[in-house]
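The residues making up each chain are set out below.
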Amino acid sequence: MAEVLVLVDHLDGENKKSTYELLTAARTVGEPSAVVVGPAGTAAGLAEGLRAHGAAKIYAAETDSAEFLTPQVSVLESLVEQVDPVAVLISASADGKEIAGRLAVRTGSALLADAVAVSPTGVTHSVFGGAYIAEAKANTGHPVITLRAGSVEIEQAEGAGAEETVAVPASGRSATVISREPIVGGDRPELTEASVVVAGGRGVGSADDFAIVEGLADVLGAAVGASRAAVDSGYYPHQFQVGQTGKTVSPQLYIALGISGAIQHRAGMQTSKTIIAVNKDSEAPIFEIADLGVVGDLFKVAPQLQEEIAKRKA
Amino acid sequence: MKIVVLVKQVPDTYSERQLSDSDHTLDRDATDAVLDEINERAVEAALQLKEGDGGDSTVTVVTMGPDRATDAIRKALSMGADAAVHLSDEALHGSDAVQTARALAKVLGTVEGFDLVLAGNEASDGRAAAVPAMVADVLGLPALTHAREIAIEGSTVRVKRETDDGVTELTAELPAVVSVGEKINEPRYPSFKGIMAAKKKPVTTLSLTDAGLDASEVGLANALSSVTSSQPKPPKSAGEKFEDEGDGGSKIAAYLVAQKLI
């Protein structure tokens, strides 16, 4: 079967969840070969997980280079030339998108960015925050595909995972990394990966009152989100913004508190499976897409809901 | 220092955006078009760098897009940019990210001796978040992306790059490409004086030929990838809605139980 290159996403010597999603998606188009770029010994540590998710080969490109992302691009570029894969799969993270774009420029490949599904004939995109579904295909060999995190259900499969060492070619001019500080995740799940999101809008009224949103989120094991209006008003930090100029989320359950539901916001959450909205204004557009809408005061409804859930858990 | 800012006109994110039925490209006529917010921040960053070195720098805005993208150019010029270059040609319609990066690289080639290329990290319409790095790759330049802080020290640029994964400090020798993130700054509003001055600033319009491009290198028909179908997702319909009568929270809890969500 034809080879598919998968760039392994790893942190602190462990495969990220996105790596397993990529391997699962890769199996629908060919035989996955995992490409590991990192310091010596990285590939050996990741191999077991990669084999358990169907990696037929593991290419280990070991380097201590402080060059920023260009080693990954150069390794993939030389592998594309060497093995002529049917596709290259990379996660649609900030780094992944950049690596993919640069690779596509170098290999003259189609760039199919931010796909939500992959098939032998092409990919599916979710456009404008899920307002459109589009199918796209490559007009070149070895398309470079980035896959949106959380869009593929991980399935295990045994792979031979034979290790092969590959060289890291020199990559020309590059930025150099001086230091790295990985983000320190809080106790709450990551916003884009959470299965439940509780979000607050302008109706929350102040930064202090966001405690109401957080309280409900914590009893549900949910991530906290905020609308642009709330972020612009300084109630909550920007990295939690859901919407067109923030994160796109698609959880099982989305609870919107005091959010009017401007298109800006809906574009980031309208593909959520179940949407519950609490808003004082019965005309708020959020109610047009809510499975359950409560016209009322969030300061009364949310604490009561929190208490009910806590009671059920006890 | 010679600074170039890549900007893009996009549909207003507060409007309902559509794909055209005929060729699945962005329906640019269906929505209001604005200078992308992130590009305002890129222009602001350029102006601050210029002000920081006593005004010796020049700021040139580069865009690729239909004729009406001149509105986006005017906005950047009224903020304080000095000049603009506009690649405008019918043949560009439907160009993909790789074609766009190559075309922008060609246009940058017409701006003599630039030191720094600034851009937004991700456009609000395409959201590929890759074009600045792709342009850098075509030109063989370092790319320092998602900048939260930019500092120029002699012939070196230092950037604090912030993404969901954390903060990385990067450095490179100029010339280089830097893309800015949301936290870089708050863009200024154009002053009345700035708006008046913008009318007199030079805007060079380039056709494909002027930029040294061939029609076979760009456009929908020559794109490296094609959208084969697109359809609006059926809108989610409204479910049940009720007024809170003191038991709203309990009713939501009951709903969640019934839906097996808790």
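Predicted, not measured: the structure shown is a model, and the values here were computed from it.

**Things to note about the overall build of chain B**
Item 1. Counting its secondary structure elements, chain B contains six helices and 13 strands.
Item 2. Projected onto the principal axes, the alpha-carbon positions of chain B cover approximately 65 × 40 × 40 Å.
Item 3. The buried share among the 262 residues of chain B stands at 52%.
Item 4. Summarising the internal contacts of chain B: among those between residues at least 6 apart in sequence, 71% fall at separations of at least 24.
Item 5. Here chain B has roughly 11,500 Å² of accessible surface; of this, 49% comes from carbon and sulfur atoms.
Item 6. Taken as two groups, the 27 positive and 42 negative side-chain charges of chain B have centres that lie 3 Å from each other.

**Points about the overall build of chain A**
Item 1. Secondary structure assignment for chain A yields eight helices and 17 strands.
Item 2. Here the C-alpha radius of gyration of chain A, 22 Å, is about what a compact globule of 314 residues would show, namely 20 Å.
Item 3. Here chain A, with 314 residues, has 57% of them falling under the buried criterion.
Item 4. Of all intrachain contacts in chain A linking residues separated by at least 6 positions in sequence, the fraction that spans at least 24 positions is 66%.
Item 5. Total accessible area on chain A stands at roughly 12,000 Å², and carbon and sulfur atoms take up 48% of it.
Item 6. Side-chain charges of chain A comprise 23 positive and 38 negative groups, with the mean position of each set lying 5 Å from the other.

**Focus on a nonpolar patch on the surface**
Residues and elements named next belong to chain B.
Item 1. On the surface, Phe-192, Ile-195 and Met-196 cluster together into a nonpolar patch covering about 320 Å² of accessible area.
Item 2. With respect to the secondary-structure elements, Met-196 resides in helix H5 (residues 192-198).
Item 3. By relative accessible area, Met-196 is classed as partly exposed at 38%.

**Some points on helix H1 (residues 37-52) of chain B**
Residues and elements named next belong to chain B.
Item 1. Taking 1.5 Å of rise per residue, 16 residues should cover 22 Å, and H1 covers 23 Å from first to last C-alpha, within 8% of that figure.
Item 2. The buried count for H1 comes to 12 of 16 residues, which makes it a mostly enclosed element.
Item 3. Listing the buried residues of H1 in full gives Ile-38, Asn-39, Glu-40, Arg-41, Ala-42, Val-43, Glu-44, Ala-45, Ala-46, Leu-47, Leu-49 and Lys-50.
Item 4. A positive phi of about 75° marks Gly-54, the residue just after H1.

**With respect to the environment of Leu111(A)**
Item 1. Structurally, Leu111(A) is set in strand S7 (residues 111-119).
Item 2. Owing to a relative accessible area of 12%, Leu111(A) belongs among the buried residues under this scheme.
Item 3. Apart from residues lying up to four places away in sequence, Leu111(A) is in contact with Ala100(A), Gly101(A), Ala104(A), Val144(A), Ala97(B), Val98(B), Met134(B) and Ser225(B).

**Quick notes on helix H6 (residues 248-258) of chain B**
Item 1. When we look at burial in H6(B), the residues that qualify are Gly248(B), Gly249(B), Ile252(B), Ala253(B), Tyr255(B) and Leu256(B). Looking straight down H6(B), one finds its buried side chains confined to an arc of 160°; they lie on one side.
Item 2. On its buried side, H6(B) packs onto strand S15 (253-257), strand S16 (274-279), strand S17 (292-295) and helix H8 (298-313) of chain A together with strand S13 (240-243) of chain B.
Item 3. Looking one or two residues beyond H6(B), the residue adopting positive phi is Lys260(B), at roughly 55°.

**Regarding the pattern of salt bridges**
Item 1. Under the criterion given, the structure shown has 26 salt bridges over all chains.
Item 2. Note that Arg102(A) is salt-bridged to Asp137(B), the shortest N-O span being 2.5 Å. Highlighted residues: Arg102(A) in helix H4 (residues 94-107) and Asp137(B) in helix H4 (residues 131-139), drawn from two different chains.
Item 3. Put simply, Lys247(A) and Asp164(B) hold a salt bridge, and the shortest N to O gap is 3.3 Å. Taken together, the residues span two chains, with Lys247(A) in the loop between helix H6 (228-232) and S15 and Asp164(B) in the loop between strand S8 (156-163) and strand S9 (166-173).
Item 4. The exposure class of Lys247(A) is buried, given its relative accessible area of 13%.
Item 5. The network of salt bridges with shared partners includes Glu77(A), Arg102(A), Arg106(A) and Asp137(B).

**Some thoughts on the UniProt feature "domain: Electron transfer flavoprotein alpha/beta-subunit N-terminal" (unreviewed entry) in chain A**
Item 1. Per the UniProt record, the feature "domain: Electron transfer flavoprotein alpha/beta-subunit N-terminal" (unreviewed entry) sits at residues 4-181 of chain A.
Item 2. The span residues 4-181 of chain A carries 28% helix and 35% strand; its end-to-end C-alpha distance comes to 32 Å.

**Comments concerning the packing of helix H3 (residues 70-83) of chain A against H4(A)**
All names here are of chain A.
Item 1. It is the contact of H3 with H4, at a shortest axis distance of 9 Å, that shows an interaxial angle of 40°. By the criterion of interaxial angle, the relationship of H3 to H4 is oblique. Helix-helix and strand crossings are classified by hand; for H3 and H4 the assignment is right-handed. On H4, the residues that touch Thr-70, Gln-72, Val-73, Ser-74, Leu-76, Glu-77 and Val-80 of H3 are Ile-99, Arg-102, Leu-103, Arg-106 and Thr-107.

Cut-offs applied
Residues numbered from 1 in each chain as written. Chains lettered and ligands numbered in written order. Predicted model: local features only at pLDDT ≥ 70, side-chain atom pairs only at ≥ 80, totals over all residues. Heavy atoms only, no water. Helix = DSSP H or I, 4+ residues; strand = E, 2+ residues; numbered from the N terminus. Buried < 20%, exposed > 50% of the residue type's maximum accessible area, 1.4 Å probe, protein only. Contact = heavy atoms within 4.5 Å. Areas by Shrake-Rupley, 256 points an atom, 1.4 Å probe, with all protein chains shown as cover. Lys, Arg positive; Asp, Glu negative; His and termini not counted. Charge placed at Lys NZ, Arg CZ, Asp CG, Glu CD. Rg over C-alpha atoms; globule rule 2.2 N^0.38 Å. Patch = residues over 30% accessible without salt bridge, like charges linked within 9 Å, V, L, I, M, F, W, Y side chains within 5 Å. Salt bridge = Lys/Arg side-chain N within 4 Å of Asp/Glu carboxyl O. Expected span 1.5 Å × (residues − 1). Arc of directions from axis to C-beta. UniProt positions renumbered as here; feature names shortened; annotations may be inferred. Axes fitted to C-alpha atoms, helices over the stretch in contact; angles between N-to-C directions. Parallel < 35°, antiparallel > 145°, perpendicular 65-115°, else oblique. Left-handed = near helix turned anticlockwise from the far one by under 90°.

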